[in-house]
Amino acid sequence: MIYDELIGEVYWVIGKIQSDPELEEQLRWLNFEIRKNGVKVASDPYLMDEESDPRIEINQVIAEFERIADQAKEPDIRQYLLEMKAELEADGITDE
C-alpha cells in the first residue's frame, strides 16, 4: 500500500462511520499520528536513532487497525479495517 493511499483510505473509513463517534475519534487520532510522524518501513534507506525516531512501526499500525476493528459496531467498517490490516501485512508500505 502506498503511504498516501493509507492516509486516504483511513479518511474514507472515517467518513463511512455512522454510529460510533468513539471509533471515529480513534481513527482520526491514528491517522493524525501517521500523517505527523510517518511510518517506519523495512526498505527505508534513511536511518534514524531508534530512541528519537518519531515514526510509527508498521506493526503498531497493523495492531491498531485490528484493535479498532474489534471495537467496530458496524460490520462493513470492521471488514474494511481488517482488509486494510491484511494488505499492510502482505505488502507493507511503499513510496509508490
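Because the structure is a prediction, the values reported are computed rather than measured.

**Student:** Please provide a residue-by-residue account of the nonpolar core, values included.
**Tutor:** Counting residues in each nonpolar core, the largest one holds 25 residues, and the members touching the most others are Leu6, Leu27, Ile34, Phe65, Leu81 and Leu88. Where this core is concerned, the elements lending two or more residues are helix H1 (3-16), helix H2 (21-37), helix H3 (58-71) and helix H4 (75-91).

**Student:** So what's going on with the environment of Asn31? Residues and values would help.
**Tutor:** Relative to the assigned elements, Asn31 resides in helix H2. By relative accessible area, Asn31 is classed as buried at 1%. It is 7.7 Å that separates the C-alpha atoms of Asn31 and Tyr11, two residues lying 20 residues apart in sequence. With residues near it in sequence (within four places) discarded, Asn31 still touches Ile7, Val10 and Tyr11.

**Student:** How would you explain the environment of Gln71 if you had to name every residue and give the values?
**Tutor:** Examined against the element boundaries, Gln71 turns out to sit in helix H3. Residue classification places Gln71 among the partly exposed positions, given a relative accessible area of 38%. Distance from Gln71 to Leu23, taken between C-alpha atoms, is 7.4 Å for residues 48 residues apart in sequence. Discounting chain neighbours no more than four positions away, the residues touching Gln71 are Asp20 and Gln26.

**Student:** How would you summarise the pattern of salt bridges if you had to cite specific residues and measurements?
**Tutor:** Counted according to the given criterion, the structure contains four salt bridges. Between Asp70 and Arg78 there is a salt bridge, with the nearest N and O atoms lying 3.1 Å from each other. Judged by its relative accessible area of 52%, Asp70 is exposed. Across the salt bridge formed by Lys85 and Glu89, the nearest N and O atoms sit 3.2 Å from each other. One end of the pair is Lys85 and the other is Glu89, both in helix H4 and four residues apart, which spans about a single turn. By relative accessible area, Lys85 is classed as buried at 13%. Judged by relative accessible area, Glu89 falls into the partly exposed class, the value being 48%.

**Student:** Got a sec to walk through H2? Specific residues and values, please.
**Tutor:** For H2, with 17 residues, the first-to-last C-alpha span of 24 Å sits near the 24 Å given by 1.5 Å per residue. Here H2 has its buried residues at Leu23, Gln26, Leu27, Leu30, Asn31, Glu33, Ile34 and Asn37. Here the buried residues of H2 occupy an arc of 160° about the axis, which is enough to place them on one side. Those residues of H2 that are exposed and angled more than 90 degrees off the buried face are Pro21, Glu25 and Lys36. Those residues of H2 hidden inside the fold are in contact with H1, strand S1 (39-40), strand S2 (56-57), H3 and H4.

Each value, and the rule that gives it
- Residues numbered from 1 in each chain as written.
- Predicted model: local features only at pLDDT ≥ 70, side-chain atom pairs only at ≥ 80, totals over all residues.
- Heavy atoms only, no water.
- Core = buried A, V, L, I, M, F, W, Y, C linked by side-chain atoms within 4.5 Å.
- Buried < 20%, exposed > 50% of the residue type's maximum accessible area, 1.4 Å probe, protein only.
- Helix = DSSP H or I, 4+ residues; strand = E, 2+ residues; numbered from the N terminus.
- Contact = heavy atoms within 4.5 Å.
- Salt bridge = Lys/Arg side-chain N within 4 Å of Asp/Glu carboxyl O.
- Expected span 1.5 Å × (residues − 1).
- Arc of directions from axis to C-beta.

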